[in-house]
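Structural features, examined
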Amino acid sequence: MTQKIDIEILKNYSREDLINLIQKLQQDLVKSQQNNEDIELLLETITDFSTGLENEIHSRNKEMSSYIEKVKLVTKAAIAVKEGTFEENHLDEVACRDDPLGTLAQIFQDMVRKLKARETQLADAKAQLEAVLNAVPGTISWISMEGFYIGVNQHLAKTLNLSPENFVGKELNFLKSSPEFSEFISEFIESSENSKTAEIPIYINGEQCYYLIVVQRYNDGTALVSVGIDITERRKAQKDLELERNAFARFVPSEYLEFLGRENIVNIQLGDHVSREVSILFSDIRSFTTIAESMTPQEIFNFVNNYLGAVSPVIRNYNGFIMKYIGDSIMAAFPKCPNDALNAGIAHIDRLNEYNRGRKRAGYIPISIGIGLHIGHIMLGIVGESQRFQGDALSDSVNLAARIESLTKIYGINMLISDSVFNNLENPQNYHIYFLDRVTVKGRKEAINLYQVLDAEDEKTIDFKLKTQTEFNLALEFYQQGKWNQAQDYFQKVLNLNDVDKTALVYLKRIEILKTTIDPHNWDAVWHFNHK
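Reference entry: report on the structure contained in this document. (Residues numbered from 1 in each chain as written. Predicted model: local features only at pLDDT ≥ 70, side-chain atom pairs only at ≥ 80, totals over all residues. Heavy atoms only, no water.)

**With respect to a nonpolar patch on the surface**
- Together, Ile9, Tyr13, Leu18 and Ile22 make up an exposed nonpolar region whose accessible area comes to about 330 Å².
- Mapped onto the fold, Ile9 is located in helix 1 (residues 7–10). (Patch = residues over 30% accessible without salt bridge, like charges linked within 9 Å, V, L, I, M, F, W, Y side chains within 5 Å. Areas by Shrake-Rupley, 256 points an atom, 1.4 Å probe, with all protein chains shown as cover. Salt bridge = Lys/Arg side-chain N within 4 Å of Asp/Glu carboxyl O. Helix = DSSP H or I, 4+ residues; strand = E, 2+ residues; numbered from the N terminus.)

Here's what the structure looks like:
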């Protein structure tokens, strides 16, 4: 910087010093002029830069303000989605940007479009589901694990004369229409089962109905759904069917069906049959024709049905079944063992004695029956034609059992059994059974041994038989050896001790015939019956 010059000092300068000073001042002036120009250029540059910077800042502020406004639009759009008021054009201004905010807006719009489409699909599916559930001919209810209704379908509400809204939030038993349903659901809630089924009574308009209820957990076990189907008519039909089956069973017993390997009578076909070895019991009322002659048709039916009603149950009590009734006769089979048949025969006589006591009290005469038992194969099956068939047993063994029964009247005893029965009995020593005769019956050539069952006789008869058993056995021994006179003597001794022993009397009459017709040396000890 040029310093101020003192004039007084200049007076002392020489001419040369003044010239040098002037030259120096000129140089300083030139430099000062140059510096001023630089400053002016710098000021101009600074001024231009400041103006540009100010303009840039203003532009940036304006852009930032716009960006913030667009961000606010996105935020408002999110709130609108939450509130369900969002419209797709809400973000059009932002979505047209080519920066990340624009990309975000585009993604947001796309997600909202998809979400709305899903909501529409869900609403449609819900509407369809509700339509289906309301159309289902059954009751549906959704129940909380606390035992309150979450909702029900229209069918359930209508059935109980309410609207679905009446159920929401109510306890299960609020209607008091089915304590059993409330108990069933409560037990299921307390259990660890995932599903359960039960038939439950429900009172509707004062009438008892039955519903098949199926309950199952859902929503990870936090609630349950109950579906009910009205089975009132089905139960009634089942009951009617059961009554029909029971009615049919009176004609065709269930044991008969089991024999044929059929579940029910509907499966029966003409010609169905099976062959098995069984014990056969045949019983018949003696002198039935004579008894019936003095009765009216109604009285005959009443008499027969009262008798059969009294004695038939003992057949079932001993594992047997009645193959058929033949008038007053009973033909029964015992598939398991002959002891069943024997015990049933003895019980049959006991029941008859009880029945006769009732007849006496009512002023009627007692009746007598005969029972024959035999073991053999039978062909049990269905006979007839397509419009009318019945169960029957076809076998020579059945005929033989009937023949043996008919001989009881000849010998004057209640029950006879064949050797096939006696030889197959378990613990025969537990009964009072004695050999009676060896015979052939009409229609058969093979001889059989007959045994009397004293357990089927009254106490008086048993006492007499036991007292004369020694004499009777000796008489039989002589009879079988063809020693007619000795046999006669001992049979007569039996009669002397028991004058009502019809068996001894039969043998005495028979011996009289044998004496004149049979050579004792050719005697095989077999008597041939030529009549039924």
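Now that the structure is up, let's keep going.
**A word on the pairing of strand 4 (residues 207–218)**
- Across 10 bridges, the pairing between strand 3 (residues 195–204) and strand 4 is antiparallel. Each residue of the ladder has a partner; that of Tyr203, found in strand 4, is Gln208. (Pairing = 2+ DSSP bridges.)

**Thoughts on empty space enclosed by the protein**
- Going through the model one piece at a time under the given rule, you end up with two cavities of 30 Å³ or more.
- Within this model, the largest cavity holds a volume of roughly 250 Å³.
- Taken together, 23 residues make up the lining of the largest cavity; nearest its centre are Tyr149, Leu156, Leu160, Phe181 and Ile202.
- Tallying contributions element by element places strand 5 (residues 223–230) first for the lining of the largest cavity, with three residues.
- Classifying every residue of the lining of the largest cavity gives 13 nonpolar, nine polar and one charged.
- Taken as a whole, the second largest cavity holds about 70 Å³ of empty space.
- Every element with two or more residues in the lining of the second largest cavity is listed here: strand 12 (433–440) and helix 16 (469–481). (1 Å grid on protein atoms, 1.4 Å probe; cavity = no way out; pocket = protein on both sides within 12 Å on 5 of 7 lines; lining within 4 Å. Points joined across faces, edges and corners; volume = space filled by probe spheres on them. Nonpolar A, V, L, I, M, F, W, Y, C, P; charged D, E, K, R; others polar.)

**Description of the packing of aromatic side chains**
- The full count for this structure, using the stated rule, is 16 aromatic pairs.
- Plain terms: the ring middles of Phe435 and Tyr451 are 5.8 Å apart, the flat faces sit at 80° to each other, and that makes the pair edge-to-face. Taken together, the residues span a long stretch of sequence, with Phe435 in strand 12 and Tyr451 in strand 13 (residues 448–453) at a distance of 16 residues.
- You can call Phe435 partly exposed: its relative accessible area is 23%.
- Linked through ring pairs, Phe472, Tyr479, Trp484, Phe491, Tyr507 and Trp523 together constitute an aromatic cluster.
- Just above the ring of Tyr210 sits the side chain of Arg235; from NZ or CZ to the centre is 3.7 Å.
- Sitting over the ring of Tyr507, Arg510 keeps its end group 4.9 Å from the ring centre. (Phe/Tyr/Trp six-rings, centres within 6.5 Å; stacked < 30°, edge-to-face > 60°. Buried < 20%, exposed > 50% of the residue type's maximum accessible area, 1.4 Å probe, protein only. Lys NZ or Arg CZ within 6 Å of the ring centre and 35° of its normal.)

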